[in-house]
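What follows is each chain in one-letter form.
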Amino acid sequence: MQNTTSISSETARHVLFHYGSPQGYRPGSFTQKLMAAIDAADVIHTARLWAAYPELVDAMNLAANERDGIARLTTIANGTA
């Protein structure tokens, strides 16, 4: 997936929490389970999840697959993006 959506500071903080960053904060249980599903999904299922949750999937992809993804999410979370 390509980062094609705008990522809010709240979503950035949720994803940062998922990846163990001190800049993150714990989302609700549904969002935590959704992030686990995104992590576990193959390409086809990731595309399906993106259709419903593009912001979260893009943020998860940024964190997991981009060299500077965590730093970029931290910038977004801090409101300096």
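The following refers to the structure shown. Please read all numbers here as calculations on a predicted model, not as lab measurements. (Residues numbered from 1 in each chain as written. Predicted model: local features only at pLDDT ≥ 70, side-chain atom pairs only at ≥ 80, totals over all residues. Heavy atoms only, no water.)

**Thoughts on the overall build of the chain**
Of regular secondary structure, the chain possesses five helices and zero strands. For the chain, the α and β elements follow one another from N to C terminus as α-α-α-α-α. At 11 Å, the chain has a C-alpha radius of gyration in line with the 12 Å of a compact globule built from 81 residues. Seen through its C-alpha atoms, the chain measures out along the principal axes to roughly 35 × 25 × 20 Å. A buried classification covers 32% of the 81 residues belonging to the chain. Across the chain, the fraction of contacts at a sequence separation of at least 24, relative to all contacts at a separation of at least 6, is 51%. Accessible surface, the chain: about 4800 Å² in total, of which carbon and sulfur atoms supply 53%. Within the chain, one finds 6 positive and 7 negative side-chain charges whose respective centroids are separated by 5 Å. (Helix = DSSP H or I, 4+ residues; strand = E, 2+ residues; numbered from the N terminus. Rg over C-alpha atoms; globule rule 2.2 N^0.38 Å. Buried < 20%, exposed > 50% of the residue type's maximum accessible area, 1.4 Å probe, protein only. Contact = heavy atoms within 4.5 Å. Areas by Shrake-Rupley, 256 points an atom, 1.4 Å probe, with all protein chains shown as cover. Lys, Arg positive; Asp, Glu negative; His and termini not counted. Charge placed at Lys NZ, Arg CZ, Asp CG, Glu CD.)

**Some points on the pattern of salt bridges**
Within this structure, the stated rule accounts for one salt bridge. Linking aspartate 68 and arginine 72 is a salt bridge whose minimum nitrogen-to-oxygen distance equals 3.5 Å. Judged by relative accessible area, aspartate 68 falls into the partly exposed class, the value being 37%. By relative accessible area, arginine 72 is classed as partly exposed at 35%. (Salt bridge = Lys/Arg side-chain N within 4 Å of Asp/Glu carboxyl O.)

**Describing the packing of aromatic side chains**
With the rule as written, the count across this model stands at one aromatic pair. Here phenylalanine 30 and tyrosine 53 contribute two aromatic rings whose centre-to-centre distance is 6.3 Å and whose plane-to-plane angle is 55°, an arrangement assigned as tilted. Separated by 23 residues along the polypeptide, phenylalanine 30 in helix α2 (residues 29-40) and tyrosine 53 in the loop between α3 (43-52) and α4 (54-65) bring together distant segments of the chain. Phenylalanine 30 gets classed as exposed once you look at its relative accessible area, which sits at 55%. Take tyrosine 53: its relative accessible area is 32%, and that puts it in the partly exposed class. (Phe/Tyr/Trp six-rings, centres within 6.5 Å; stacked < 30°, edge-to-face > 60°.)

**Some points on the nonpolar core**
Among the nonpolar cores identified, the biggest contains 17 residues, and Ile7, Ala12, Val15, Ile38, Leu56, Met60 and Leu73 are the most heavily contacted of them. Among the elements of the structure, α1 (9-18), α2, α4 and α5 (69-77) are those that each provide at least two residues to this core. When residues of this core are assigned to their parent elements, the largest contribution, six residues, is made by α4. When neighbours within four sequence positions are excluded, leucine 56 is seen to be in contact with Thr11, Val15, Thr31, Leu34, Met35 and Ile38. (Core = buried A, V, L, I, M, F, W, Y, C linked by side-chain atoms within 4.5 Å.)

Coordinates in, geometry out; function isn't part of it.
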